Amino acid sequence: MGYVWSPLAPSPSGIANYTETLIASDPEFEGLVFVTEEAAQREGRRAIAPSEAIAGERHTLLQLGNNVHHGYILEQARRGGAIVELHDLSLHHIHTERTLAQGDFAGYLRGLEDSEGAFGRRAALQRAKGFYTPRLDFYLRVNRAICDRAEAVIVHSRWARFQIELQEVSTPVHVIPHYAIGVEQSNAVTRTKAEARDRLGLDPEQFIILAGGYVTPAKRLDWVIAAFEEVRDQSADAQLIVAGACEWDPAMELIRQSRHASSIQVTGYLSDADFDDYTLAADVLPLMRFPSAGETSGVAARALGFGKVIIVPEYAAFSDIPDDVCEKIHLDMPVVPQLTAAIGRYLNDPAAMRRMEQRVVDYAQTHLSLESSRADLKEVLNTYWGWPND
C-alpha cells in the first residue's frame, strides 16, 4: 500500500486535475490510497482523511502546490520521509497563508529561517516592519528544508531541478515532464476547432488570441493587451479572449480603457470542459508568466497537447520547451514589440501556423505523452518503494 496526498475533484486546484488524470484514472495505481482533506473529494473513492493516514507510512507521495488547497500536504511534507512532487518551486505563498495570514509571525519567521537561513530571518523581520515586496514570494522559496527532509523530489522541468540543486540539496531530484494530453483524452466537448467555435458562439473565420487561466499580475496580461492592440490596429480579424476568472482590477481597467475593448472578451471562471473547448478554438496562446514561482504551466501543457501555437518567455520552466515548437520572447529586450511580431507572423501566414502546429503535435506525442509520464512515475515509485511488489 502507499498514500498519495493530493486534492481531488471537485477541488478547483489544477493539481487535483493532474492527480486525477495521471494516477486516479490508471488501474495500475489501484494499490494507492488517496489522502485528501475535503469529505466531498473522498466520496466513492479509495480515499481517507489526513487523520486516518498511518503515521510514519514510508510509502507516501505528496502532490504539493503553492496555494491554500495544499496546507495539510505542506505540514506532512515538513515531517519528512516522503516523495515530494513539487508543482511550484516556491512555497512562500502557502507558507504565508498558513502562518502570517493567521497572525502567526513566529511561525512565518521559523519557516523562512529554516529554509533560507540568516537571509530569510532578516527578510521576515523586515516584513514585520512593513518592508515587503511581492517579489519575495518568488525569490525566497521556502522549499529547502522540505527538499532536504524528503526521500526524493519530483519536479516537471530541468530548470526546476537545477534551481533545487543550486541550493545544495542532497536529496535526489527527478524530472517528470508535465504530460500534454490530446483532444481525445481531454474534457473537451468538441473535437475540432470549427466545432469548438460553433459551440462557443465564436466567429469561425476570426483569428483568436487566447490568454488562458486565472489572471494574476504575474500572467502579464498588460503585455498581451498592449500587443493585441498593435495587432488589431493592423487587422480587423483579430480577437482577444481572456479564458478564466480575472479579479485583478488593473487588468480589467486596461481592458475597459483599451481602444479595442469591443474585441476583448473575458469569460470568467470556466469548467474544465469549457476551458478545453476555448483552447481548441484558439489560434495562438501567449503565455507570458513573469516572474515565475517555478511552476510548470498546465495551460501550456494543454495547448501543446492540442497542437496549438504558444508564445512564451525564454525564462524559467518555459526554457525546457524546444525553440522549434513555440515562439520565445526574450525578456532582456522590449517585450511588446516581440509579442506583436510573433502574433502577427501567424495571423498573416496561415501556412507557417500549420507547420508549427504539426511540429507541436509531433513533439507532444513523442515527449509529453500521458503514458510516458506515468511510466516515469512508476519508475520513481519502484526505485524508492519497490512498488508495486513491496
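Coordinates for the structure precede this section.
Conventions used here
- Residues numbered from 1 in each chain as written.
- Predicted model: local features only at pLDDT ≥ 70, side-chain atom pairs only at ≥ 80, totals over all residues.
- Heavy atoms only, no water.
- Helix = DSSP H or I, 4+ residues; strand = E, 2+ residues; numbered from the N terminus.
- Buried < 20%, exposed > 50% of the residue type's maximum accessible area, 1.4 Å probe, protein only.
- Contact = heavy atoms within 4.5 Å.
- Pairing = 2+ DSSP bridges.
- Right-handed = clockwise from strand over helix to strand, strands pointing away.
- Axes fitted to C-alpha atoms, helices over the stretch in contact; angles between N-to-C directions.
- Parallel < 35°, antiparallel > 145°, perpendicular 65-115°, else oblique.
- Left-handed = near helix turned anticlockwise from the far one by under 90°.
- Nonpolar A, V, L, I, M, F, W, Y, C, P; charged D, E, K, R; others polar.
- Phe/Tyr/Trp six-rings, centres within 6.5 Å; stacked < 30°, edge-to-face > 60°.
- Lys NZ or Arg CZ within 6 Å of the ring centre and 35° of its normal.
- Salt bridge = Lys/Arg side-chain N within 4 Å of Asp/Glu carboxyl O.

A. Here's a closer look at the side chain of Gln338. Looking at the secondary structure, you find Gln338 in helix H13 (residues 335-348). Residue Gln338 is classed as buried on the basis of its relative accessible area, which comes to 16%.

B. Summary view of helix H2 (residues 71-79). Among all positions in H2, only Gly71, Tyr72, Ile73, Leu74, Gln76 and Ala77 are buried. Those residues of H2 that are buried are in contact with strand E1 (2-5), strand E2 (32-35), strand E4 (60-64), strand E5 (83-86), helix H3 (92-98) and helix H6 (144-149). Positive backbone phi, at 85 degrees, marks Gly80, one or two positions downstream of H2.

C. Summary view of unusual backbone geometry. Following Ala9, the chain continues into Pro10 via a peptide bond in cis, with omega recorded as 10 degrees. With respect to the secondary-structure elements, Pro10 resides in the loop between E1 and helix H1 (14-24). Look at the link from Phe290 to Pro291: it is a cis peptide, with omega at -5 degrees. As for its placement among the helices and strands, Pro291 is situated in the loop between strand E11 (284-286) and helix H12 (298-305).

D. Highlighting the pairing of strand E12 (residues 309-313). Within E12, five of the five residues are buried, which leaves it mostly tucked inside the rest of the structure. The two faces of E12 match: Val309, Ile311 and Pro313 on one face and Ile310 and Val312 on the other face are all buried. In terms of strand pairing, E11 meets E12 through three bridges, oriented parallel. Along E12, the bridge assignment pairs Leu285 with Ile310. Assessed by its sense of winding, the connection that carries the chain from E11 through H12 to E12 is right-handed. Summarising the sheet, E12 and strand E13 (residues 327-329) pair through three bridges and their orientation is parallel. Residue pairing across strands places Pro313 opposite Ile329, the latter belonging to E13.

E. Looking closely at the packing of helix H11 (residues 272-281) against H12. Following both chains from N to C, one finds H11 and H12 inclined at 60 degrees, their axes separated by 10 Å at the closest point. The pairing of H11 with H12 is recorded here as oblique in orientation. Remark: the crossing between H11 and H12 carries right-handed chirality. Contacts between H11 and H12 involve Asp272, Phe275, Asp276 and Thr279 from the first element and Val299, Arg302 and Ala303 from the second. Residues that form the contact of H11 with H12 fall into these classes: three nonpolar, one polar and three charged.

F. Highlighting the environment of Pro337. For Pro337, the position within the fold is in helix H13. Given a relative accessible area of 51%, Pro337 falls into the exposed group. Sequence-wise, Pro337 and Glu357 are 20 residues apart; in three dimensions their C-alpha atoms are separated by 23 Å.

G. Region of the structure containing the packing of H1 against helix H15 (residues 370-385). Close contact between H1 and H15 brings their axes to 10 Å; oriented N to C, the two are set at 80 degrees. When the axis of H1 is compared with that of H15, the two are roughly perpendicular. Here Thr21, Leu22 and Ile23 of H1 come into contact with H15, specifically with Leu370, Ser373, Arg374 and Leu377. Looking at the contact of H1 with H15 residue by residue, the class counts come to four nonpolar, two polar and one charged.

H. The pairing of strand E8 (residues 207-212), seen in detail. In terms of residue burial, E8 counts as a mostly covered element, since six of its six residues are buried. Here E8 shows two buried faces, one formed by Phe207, Ile209 and Ala211 and the other by Ile208, Leu210 and Gly212. For the segment spanning E8, helix H9 (residues 221-234) and strand E9 (residues 238-243), crossover handedness is right-handed.

I. Seen up close, the packing of aromatic side chains. A complete count under the given rule lists six aromatic pairs for this structure. Pairing Trp223 with Phe290 gives two aromatic rings, centres 6.4 Å apart and planes at 20 degrees, and the pair type is stacked. Of this pair, Trp223 sits in helix H9 while Phe290 sits in the loop between E11 and H12, and the two are 67 residues apart along the sequence. An aromatic cluster of three or more residues is present, and its members are Trp223, Phe290 and Tyr315. If you follow Arg127 out to its NZ or CZ, it ends over the ring of Tyr132, 3.7 Å from the centre.

J. Local environment of the sheet that holds strand E7 (residues 173-175). With parallel pairing, seven strands are arranged side by side in an open sheet as E3-E2-E1-E4-E5-E6-E7. What marks the edges here is a single partner per strand, and that holds for strand E3 (47-48) and E7. Summarising the sheet, strand E6 (residues 152-155) and E7 pair through three bridges and their orientation is parallel. The partner of Val155 across the bridge, within E7, is Val175. Across the sheet, H1 touches E1, E2, E4 and E5, and the angle it forms with E4 is around 145 degrees. Where H2 meets the sheet, it contacts E1, E2, E4 and E5, and its direction lies at approximately 130 degrees from that of E4.

K. Region of the structure containing the pattern of salt bridges. Taken as a whole, this structure holds 23 salt bridges when the rule is applied. Of the charged contacts, one joins Asp148 and Arg144 as a salt bridge, the two residues approaching to 3.6 Å between their closest N and O atoms. One end of the pair, Asp148, and the other, Arg144, are both in helix H6, four residues apart, so they sit about a helical turn from each other. Judged by relative accessible area, which is 37%, Asp148 ranks as partly exposed. With a relative accessible area of 30%, Arg144 lands in the partly exposed category. It is possible to trace a salt-bridge network through shared partners that takes in Asp26, Glu28, Arg374 and Lys378.

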